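# Topology and contacts: notes
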Amino acid sequence: MTRHWKPLLFVSAFLALMWIPAIAFASVTGGCTGSVVIDGTTYGPANDTAANPIVVPIDKSGVVAAWEGSVPFANTNHHGSLGIVVGPWNIEIANWGGANPEDTRSANGNYNLDDFKADFPVAESLIPRGLYELSGTHEADGGSCTAHVMVKIEGSPLSSPIGIATVAGTIVTGLTLLGSAFRRRTS
Amino acid sequence: MKGRPVLGIISGLLFGFFVALLLQQLAIAPLTTLTLIGLPIAGVVLGIVLSAWAPLGRR
């Protein structure tokens, strides 16, 4: 019986090791700073782990995100982008750029989350809840920055069809995986 | 192989993928390379191990 635990121990160790790099990210490089206030809570570069994400209350209406950011270098001829990390890919969701002859090095503004929901290509109830890693870059004549933050779209996974399908898929494939552990009949 | 290796590999791959999605939906881990690629690979390994071991059913 003990010999059966060796492969399971190997798999468990592999799974445990996989989580170690997910615990911490280097959030901002290049000296850029920024923050956002959502629903009374201030978030910044420290919100870069799964345990400490930027929380977006998607079910609330009228929520405004007040943001500000700055760069420590000459910001002429700047450009940048922001994307969602999905596996090895980075899906771009926003980009910016310009000559910026005045060399403006900071900016701020307000973003209404209702606009985000209206601009989203599917209905609000279909917006997938859960945790997302956002990755961004900003480059200019004087330097460049990269940033990673975690964003949690608040809500139960069972409140969206994708969440229900995910739970059902996990149960069905888990039971099927268990089925592979049954001995075949030998005649 | 005493169990069903083809079933184990396919279901392990899909199980790993769905677990990665579930972890994302439950806000435990985002869809990084480690979860989206690593968990299905771990699922395939688990499927092979389970089908080779085949601890369930008649002996």
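Residues numbered from 1 in each chain as written. Chains lettered and ligands numbered in written order. Predicted model: local features only at pLDDT ≥ 70, side-chain atom pairs only at ≥ 80, totals over all residues. Heavy atoms only, no water.

Okay, the environment of B:Phe15 next. The topology assignment puts B:Phe15 in helix α1 (residues 5-25). In this structure, the C-alpha to C-alpha distance between B:Phe15 and B:Ala42, residues 27 residues apart in sequence, is 9.6 Å. Excluding its chain neighbours within four sequence positions, the residues that come into contact with B:Phe15 are A:Thr170, A:Thr173, A:Gly174 and A:Leu177. (Helix = DSSP H or I, 4+ residues; strand = E, 2+ residues; numbered from the N terminus. Contact = heavy atoms within 4.5 Å.)

Here we come to the packing of α1(B) against helix α2 (residues 33-53) of chain B. In a pair of packed helices, the angle between the axes and the distance between the axes together describe the arrangement. Residues and elements named next belong to chain B. The geometry of α1 relative to α2 is characterised by a closest axis approach of 7 Å and an angle of 145 degrees between their N-to-C directions. Judged by the twist between their axes, the crossing of α1 over α2 is right-handed. Across the interface between the two elements, Pro 5, Gly 8, Ile 9, Gly 12, Leu 13, Gly 16, Phe 17, Val 19, Ala 20 and Leu 23 from α1 touch Thr 35, Leu 36, Leu 39, Pro 40, Gly 43, Val 44, Gly 47, Ile 48 and Ser 51 from α2. Among the residues making up the contact of α1 with α2, the classes are represented as 12 nonpolar, 7 polar and no charged. (Axes fitted to C-alpha atoms, helices over the stretch in contact; angles between N-to-C directions. Left-handed = near helix turned anticlockwise from the far one by under 90°. Nonpolar A, V, L, I, M, F, W, Y, C, P; charged D, E, K, R; others polar.)

Before going further, it helps to spend a moment on the pattern of salt bridges. All names here are of chain A. One pass over the structure, following the stated rule, counts 5 salt bridges over all chains. Between Asp 39 and Lys 60 there is a salt bridge whose closest N-O contact spans 2.6 Å. Remark: Lys 60 occurs in the loop between β4 (54-56) and β5 (64-70) and Asp 39 occurs in the loop between β2 (33-38) and β3 (41-43); sequence separation between them is 21 residues. Taking the relative accessible area as the measure of exposure, Asp 39 reaches 43% and is therefore partly exposed. Note on Lys 60: relative accessible area 43%, which makes it partly exposed. (Salt bridge = Lys/Arg side-chain N within 4 Å of Asp/Glu carboxyl O. Buried < 20%, exposed > 50% of the residue type's maximum accessible area, 1.4 Å probe, protein only.)

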